[in-house]
Amino acid sequence: MSIAEERIERLFEIAEEKASDNRQDLADRYVELARKIGMKAQQPIPAEWKRRYCGDCGAFLTPGKNCRVRINSKREQKIYTCENCGNIQRYGLKQGEEEK
Ligand SMILES: [Zn+2]
């Protein structure tokens, strides 16, 4: 694991803590930081965290709080709707990869 990867991991962990403390503003800041580090180091965001923020407005997403998760079993997709901006993100159920 690279240093950038570790830092990104840690920042998302903190973001999750802040979100559960109802500090959405701080959670969003940590997401922003993690994404900046990823961009600078050309380190992709790990798949399990990639679905935890909105690619559009950058909000840290907590299912049931500011994010709706639906499962389309026919297409084997998980559909995340950001309730902050309405952006929809789809992920495959199997590989956890983003589908366009
Ligand atoms: Zn959004």
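The sections below set out a description of the structure shown in this document. (Residues numbered from 1 in each chain as written. Predicted model: local features only at pLDDT ≥ 70, side-chain atom pairs only at ≥ 80, totals over all residues. Heavy atoms only, no water.)

Right, let's get into the coordination of the zinc ion. Octahedral metals with six donors have ideal donor angles of 90 or 180 degrees. Tetrahedral metals with four donors have an ideal donor angle of 109.5 degrees. Distances from the zinc ion to its protein donors, Cys54 (SG), Cys57 (SG), Cys82 (SG) and Cys85 (SG), fall at 2.3 to 2.4 Å. Because the angles between the four donor atoms bound to the zinc ion fall within 106 to 113°, the donor set is best described as tetrahedral. Look at where the donors of the zinc ion fall in the sequence and you get C-x2-C-x24-C-x2-C. On the criterion of sequence distance, the pair formed by Cys54 in the loop between α3 (47-50) and β1 (67-72) and Cys85 in the loop between β2 (77-82) and β3 (88-92) is long-range, its members being 31 residues apart. (Donors = N, O, S within 2.8 Å, 3.2 Å for Na, K, Ca; no water. Tetrahedral: all angles 85-135°; square planar, octahedral: opposite > 155°, others 65-115°. Helix = DSSP H or I, 4+ residues; strand = E, 2+ residues; numbered from the N terminus.)

Attention now goes to the pairing of β3. The sheet contact formed by β2 and β3 spans five bridges and is antiparallel. Bridge pairing in β3 places Tyr80 opposite Gln89. The turn joining β2 and β3, which pair antiparallel and follow one another in sequence, is formed by five residues; a positive phi near 85° is taken by Gly86. (Pairing = 2+ DSSP bridges.)

For the coordinates displayed, the defined rule picks out five salt bridges. Between Glu13 and Arg10 there is a salt bridge, with the nearest N and O atoms lying 3.2 Å from each other. Pair noted here: Glu13 and Arg10 are both in helix α1 (residues 3-20), with a separation of three residues, about one helical turn. Given the relative accessible area of 33%, Glu13 is considered partly exposed. Relative accessible area serves as the criterion here: at 43%, Arg10 is assigned to the partly exposed category. Between Arg23 and Asp25 there is a salt bridge; the shortest N-O distance is 3.1 Å. The class of Arg23 is partly exposed, set by a relative accessible area of 37%. Given the relative accessible area of 45%, Asp25 is considered partly exposed. (Salt bridge = Lys/Arg side-chain N within 4 Å of Asp/Glu carboxyl O. Buried < 20%, exposed > 50% of the residue type's maximum accessible area, 1.4 Å probe, protein only.)

Any functional reading would require information that these geometric values do not contain.
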